[in-house]
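What follows is the residue order along each chain.
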2 protein chains.
Amino acid sequence: MAEAIPISDCRFRVLTLSGSLRSASSNTALLEAAARLAPPALSLRQYYGWGALPAFNPDQEGQAPDSVLAFRDALRSVDAVLIASPEYAHGVPGAFKNALDWVVGSGEFIHKPVAAINASGRAVHAQASLLDTLTMMNADVALTACAVIALPTNRLDAAAMLADAAIADGLRRVLAALHAHLLGKGSDGAGMA
Amino acid sequence: MAEAIPISDCRFRVLTLSGSLRSASSNTALLEAAARLAPPALSLRQYYGWGALPAFNPDQEGQAPDSVLAFRDALRSVDAVLIASPEYAHGVPGAFKNALDWVVGSGEFIHKPVAAINASGRAVHAQASLLDTLTMMNADVALTACAVIALPTNRLDAAAMLADAAIADGLRRVLAALHAHLLGKGSDGAGMA
């Protein structure tokens, strides 16, 4: 029988979701930068397909279209989710919330470790609303890994973010906190404060 | 020169928006019932097309697709908007919020009288979030016309709602309050408390 791999040597798969579809989105770039800074224990992959999901209709929940099934599969295949979302009109971008609506009933977020970072310290309504929705979905919100990585301008790409010591350091802290959360979870809460 | 029509004789056009795409939606039925109960001074018309709007992308705001242009035209053509929305996962249905996101920048809700009714007394998060978003969009929220019309079951159609004295009375009060708000606005606030 193979010896069990210690939990500290595990590699965790993390799906990243940007709440913005803008091609030059700061949130998307922030997640790209996070992927490049990730420690060996975390493997980050960004999911870009959620913008193609149709409007959620509870009548269609059981016969969801392929775009929805692909989103559900992507969520099921990972150990954690890292979100970076802007705020639109004091709320979560509607289309991003729509993607979440499609997986409330199917349950992919139940007990799933999730963290939400924010590129703006002013996106208070959207951040609060997003955490509330994720909690309602029974996600395992890793609050220690939820942080604002305030950007000095919204014109930085991922390379510029990596070159900025404060941003890179902020992202490393988020990733370390998410990793610690996953380890704590894996070892039955032993690492949790 | 034609004599001016007294404001009290004006007929106001009201666009109604249900936040649910379910075919048997209580919110949709509630708005259908409201349309049939409307006093002569109010003309209600339901807009069903918002579910076809693509995911909002700020990059495309200036070259919005036809479905978005039709939604903007419908909003511009009315004197007020009446919304009835369910709550999904402690928030406004994402697809409905997505429709609002498309008109933040184009401004159709600026100073537009809007009321939001609710078919459930438990949809507190969605109602609060919707009013917050509408206020952020500089809509003229008619709070006196915002009410819960609690339904005894979610299986009533519009005809059954009209046959229920409590529901019909609740809808009449909402419509009277919206009418008063529009008259108050039209007469330069003279009717406002």
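Residues numbered from 1 in each chain as written. Chains lettered and ligands numbered in written order. Predicted model: local features only at pLDDT ≥ 70, side-chain atom pairs only at ≥ 80, totals over all residues. Heavy atoms only, no water.

A closer look at the packing of helix α3 (residues 94-101) of chain A against helix α3 (residues 94-101) of chain B
Any two packed helices are characterised by how steeply their axes cross, that is the angle between the axes, and by the distance between the axes. Put simply, α3 of chain A and α3 of chain B touch, their axes get as near as 7 Å, and they point 170 degrees apart. Considering their axes alone, α3 of chain A and α3 of chain B lie roughly antiparallel with respect to each other. For the pair α3 of chain A and α3 of chain B, contact is made by Gly-94, Ala-95, Lys-97, Asn-98 and Asp-101 of chain A and by Gly-94, Ala-95, Lys-97, Asn-98 and Asp-101 of chain B, respectively. Looking at the contact of α3 of chain A with α3 of chain B residue by residue, the class counts come to 2 nonpolar, 4 polar and 4 charged. (Axes fitted to C-alpha atoms, helices over the stretch in contact; angles between N-to-C directions. Helix = DSSP H or I, 4+ residues; strand = E, 2+ residues; numbered from the N terminus. Parallel < 35°, antiparallel > 145°, perpendicular 65-115°, else oblique. Contact = heavy atoms within 4.5 Å. Nonpolar A, V, L, I, M, F, W, Y, C, P; charged D, E, K, R; others polar.)

So, helix α4 (residues 124-136) of chain A
Turn by turn, an α-helix covers 3.6 residues, leaving residues three or four places apart pointing in a common direction. Residue and element names in this part refer to chain A. Here α4 contains 13 residues, and its C-alpha end-to-end distance of 18 Å stays within 8% of the 18 Å for a straight helix at 1.5 Å per residue. When α4 is considered as a whole, its buried residues turn out to be Ala-126, Gln-127, Leu-130, Leu-131, Thr-133 and Leu-134. Buried positions in α4, seen along its axis, are confined to an arc of 160 degrees and lie on one side of it. Just downstream of α4 lies Asn-138, where phi reads positive at about 65 degrees. (Expected span 1.5 Å × (residues − 1). Buried < 20%, exposed > 50% of the residue type's maximum accessible area, 1.4 Å probe, protein only. Arc of directions from axis to C-beta.)

A word on the UniProt feature "domain: NADPH-dependent FMN reductase-like" (unreviewed entry) in chain A
Summarizing the sequence annotation, UniProt attributes the feature "domain: NADPH-dependent FMN reductase-like" (unreviewed entry) to residues 13-140 of chain A in the numbering used throughout. Along residues 13-140 of chain A, the helical share is 34% and the strand share 17%, with 15 Å between the first and last C-alpha atoms. (UniProt positions renumbered as here; feature names shortened; annotations may be inferred.)

Brief notes about unusual backbone geometry
The residue His-111 of chain A is not glycine, and still its phi comes out positive at about 65 degrees. The phi angle at Asn-138 of chain B is positive, at roughly 65 degrees, despite the residue not being glycine. Counting through the fold element by element, Asn-138 of chain B comes out in the loop between α4 (124-136) and β5 (140-141). Exposure remark for Asn-138 of chain B: the relative accessible area of 45% places this residue in the partly exposed category.

Points about the interface of chain B and chain A
Accessible area lost upon the coming together of the parts serves often as the stated size of an interface. Tallying the contact residues gives 26 residues for chain B and 26 residues for chain A. Across the interface of chain B and chain A, roughly 2,100 Å² is buried in total on both sides, 58% from carbon and sulfur atoms. For the pair chain B and chain A, the number of links is 14 residue pairs in polar contact (both at pLDDT 80 or more). Only α3 and α4 of chain B provide two or more residues apiece to the side of chain B that touches chain A. Among the elements that take part in the side of chain B that touches chain A, α3 of chain B stands out by supplying 5 residues, more than any other. Classifying every residue of the side of chain B that touches chain A by side-chain character gives 12 nonpolar, 9 polar and 5 charged. (Buried area = accessible area lost by both parts, 1.4 Å probe. Polar contact = N/O pair within 3.5 Å; in protein donor to acceptor, adjacent residues only side chain to side chain.)

Quick word on the relation of the copies chain B and chain A
In the superposition of chain B on chain A (RMSD 0.0 Å, axial shift 0.0 Å), the rotation amounts to 180 degrees. Expressed as a symmetry operation, the mapping of one chain copy onto the other fits a two-fold axis. Among all residues of chain B, the one whose C-alpha sits closest to the rotation axis is Gly-94 of chain B, at a distance of 2.1 Å. Mapped onto chain A, 100% of the interface residues of chain B again fall at the interface, so both copies present the same surface. (Least-squares fit on C-alpha atoms with pLDDT ≥ 70 in both.)

As for the sheet that holds β5 of chain B
All names here are of chain B. The sheet built from 5 strands is open, its strands ordered β2-β1-β3-β4-β5 with parallel pairing. Whereas interior strands pair on both sides, the edge strands pair on one side only; in this sheet they are β2 (42-46) and β5. Sheet analysis places strand β1 (residues 12-18) next to β2, joined by 5 bridges and oriented parallel. Opposite Phe-12, over in β2, you have Leu-42 as the bridge partner. (Pairing = 2+ DSSP bridges.)

Some words on the sheet that holds strand β2 (residues 42-46) of chain A
Residue and element names in this part refer to chain A. With respect to topology, 5 strands assemble into an open sheet ordered β2-β1-β3-β4-β5, the strand pairing being parallel. Among the strands making up the open sheet, the edge pair consists of β2 and β5 (140-141). Along the sheet, α4 makes contact with β3 (80-84), β4 (113-117) and β5, crossing β4 at roughly 175 degrees.

Looking at the pairing of strand β1 (residues 12-18) of chain A
Residue and element names in this part refer to chain A. Within β1, 6 of the 7 residues are buried, which leaves the element mostly enclosed by the surrounding structure. Relative to β3, β1 runs parallel, the two being bridged by 5 bridges. Bridge pairing in β3 links Ser-18 to Ala-84.

Considering the environment of Leu-42 of chain B
Residue and element names in this part refer to chain B. Following the sequence through the fold, Leu-42 ends up in strand β2. C-alpha separation for the pair Leu-42 and Arg-11, spaced 31 residues apart in sequence, amounts to 5.6 Å. Other than its neighbours up to four places away in sequence, Leu-42 contacts Arg-11, Phe-12, Val-14, Leu-175, His-179 and Leu-182.

Some details on the confidence of the model for chain A
A low pLDDT score tells you not to read the predicted coordinates there in detail. Residues and elements named next belong to chain A. This prediction gives chain A a mean pLDDT of 92; 91% of its residues lie at or above 70. Confidence drops under a pLDDT of 50 for residues 187-193, and excluding neighbours within four residues, the segment shows 7 contacts in the predicted structure. Reported confidences for the modelled complex are a pTM of 0.92 and an ipTM of 0.91. (pLDDT = per-residue confidence, 0-100.)

Examining the environment of Pro-113 of chain B
All names here are of chain B. Relative to the elements of secondary structure, Pro-113 occurs in strand β4 (residues 113-117). When its relative accessible area of 2% is taken as the criterion, Pro-113 is described as buried. Ignoring any residue separated from it by four or fewer positions in sequence, one finds Pro-113 in contact with Asp-79, Ala-80, Val-81, Asp-140, His-181, Leu-182 and Lys-185.

Quick look at the packing of aromatic side chains
Summed over all chains, the structure comprises 8 aromatic pairs over all chains. When the ring of Phe-56 of chain A is compared with that of Tyr-88 of chain B, the centres are 5.5 Å apart and the planes differ by 80 degrees; the resulting orientation is edge-to-face. Placement of the pair is Phe-56 of chain A in the loop between β2 and α2 (66-76) and Tyr-88 of chain B in the loop between β3 (80-84) and α3, with the two residues belonging to separate chains. Plain terms: the ring middles of Tyr-47 of chain B and Phe-71 of chain B are 5.6 Å apart, the flat faces sit at 40 degrees to each other, and that makes the pair tilted. Here Tyr-47 of chain B, found in the loop between β2 and α2 (66-76), pairs with Phe-71 of chain B, found in helix α2; they are 24 residues apart in sequence, far enough to count as distant. A single burial state applies to Tyr-47 of chain B and to Phe-71 of chain B, both of which are buried. What links up through ring pairs into an aromatic cluster is the set Phe-56 and Trp-102 of chain A together with Tyr-88 of chain B. (Phe/Tyr/Trp six-rings, centres within 6.5 Å; stacked < 30°, edge-to-face > 60°.)

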